[in-house]
Amino acid sequence: MELHRLPVNPRAARVNDAVERLASFAVRTLDRFRGRAAGYDDEHYEFVGGARDELRKKHYDKSLRLLWKAEARAPWSSFKDCTHEERALVDMAERGMSEAERAERRRIASAEFRRLIDESYTPAQKRALVKVLSAIGHGEAYAWLVSATLLTEVKSTGGKAALTMQVLEEAKHFVVMRELAQAFGVPIPRQSAWEYLLLEGTLRAKGLDKFFGMNVLVETIALSIFGMVAEYPGLEVLQMFHLDESRHTALPVNYFLEFPMSDREKSSALGRMRRLVMALPAIPLVLYLEPELAELGIDAFDFAGSILRKSARLSVRAGFLTEEQASKQNAFFNGVFNAYCRLTRPNHTFKNFMEADTSRGEAVKQTEREIFAQV
Ligand SMILES: [Fe+2]
Ligand SMILES: [Fe+2]
């Protein structure tokens, strides 16, 4: 390749070189005492923690392969995020549809989406769905922030790449969920006290405890709600949320495979207590949603039992709990739920709520079998 070389004053270049060597010595000395904010290792051209390509492949690459566009999956939304080729594919798929299918898609793609919602649900069902969905929607705002904060806390290039995809997906979840809740045309409730405590507690949690609060607990609640309602009319896009959340719940397990917690971190009574306090608002939150869940035909305690079982399983796999602690915890909460039901429900007989599963549909159940194994 022919390049036209420009003249450089060799003396000036030597002076600049010497000044940089001095400055380098000064900043590296400073770095040794103060450390750097970035967790970046320029010597090896990696983030501290190394490449960890496995993490990148399992989360960043996989998320990009499964990346869905809101314009294609939620044609009623305000998103215009399809590439030219994706738009052409959607058009081509429409050409392959029957007249009736095309009419149905146009109906859903237009402002008529609200009418579909109106026709499909009673006012009480709409209020119930909006209360449950908006609880998750407020959670999506926090998931966005928590994952962005974790991006600076995780080690390795692979770990940061994994969190980068979660940040991107949570941003999409927050905005699509808000438009979906608004389409129901009923007032959207503010956060309940329990959501506030659970989510603020997670965002304020120390270091990788955020993984427990958000990816293990809050995302298991979200995933369970998506698994419950994704087959309802107009809510089909939630199947895509369910797939994304399943990857997010698996992230701590995969991360700690690469960077295991120390025995002290795992067994520290103080750490376990901190995580328990962070998780506790989830129980009154599910009780608070009992009337709305009942409106949708779901028993709040079946729902709570299924969440506790799934999050306990993930906690064991990630190293936050031992098998023994998890089964003691499940037995304890099962006892509490049964005691509560004896007080509030006539003719209640003992039930193992921890065996319940409120997810519906084979695709959803298959995804959950893969992440939770033994669920
Ligand atoms: Fe999300
Ligand atoms: Fe998520």
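This text follows the structure it describes.
Thresholds, definitions, all that
- Residues numbered from 1 in each chain as written.
- Chains lettered and ligands numbered in written order.
- Predicted model: local features only at pLDDT ≥ 70, side-chain atom pairs only at ≥ 80, totals over all residues.
- Heavy atoms only, no water.
- Helix = DSSP H or I, 4+ residues; strand = E, 2+ residues; numbered from the N terminus.
- Polar contact = N/O pair within 3.5 Å; in protein donor to acceptor, adjacent residues only side chain to side chain.
- Contact = heavy atoms within 4.5 Å.
- Buried < 20%, exposed > 50% of the residue type's maximum accessible area, 1.4 Å probe, protein only.
- Arc of directions from axis to C-beta.
- Core = buried A, V, L, I, M, F, W, Y, C linked by side-chain atoms within 4.5 Å.
- Donors = N, O, S within 2.8 Å, 3.2 Å for Na, K, Ca; no water.

Draft legend 1. Summary view of the side chain of Asn 254. In this structure, Asn 254 sits in helix α11 (residues 238-258). There is a polar contact of 2.9 Å between the side chain of Asn 254 and the side chain of His 59. If near-sequence neighbours (up to four positions away) are discounted, Asn 254 is found in contact with Leu 55, Lys 58 and His 59.

Draft legend 2. Region of the structure containing helix α6 (residues 113-120). For α6, the set of buried residues is Phe 113, Leu 116 and Ile 117. The buried side chains of α6 occupy one side of the element, clustering within an arc of 100° when seen end-on.

Draft legend 3. Quick peek at the nonpolar core. With 85 residues, the main nonpolar core has Leu 180, Phe 184, Phe 211, Leu 235, Leu 238, Leu 293 and Phe 337 as its most contacted residues. Among the elements that make up this core, the one with the highest residue count is helix α10 (residues 209-229) (13 residues). Excluding its chain neighbours within four sequence positions, the residues that come into contact with Leu 293 are Val 132, Met 228, Val 286, Ile 298, Ala 300 and Phe 303.

Draft legend 4. Representation of the coordination of the iron ion (ligand 1) in the model. At the metal site, the iron ion (ligand 1) is ligated by Glu 140 (OE), Glu 170 (OE), His 173 (ND1) and Glu 245 (OE), and these contacts range over 2.0 to 2.3 Å. Summarised as a motif, the one-chain spacing of the donors to the iron ion (ligand 1) is E-x29-E-x2-H-x71-E.

Honestly, that's just the spatial picture; any functional story needs more than this.
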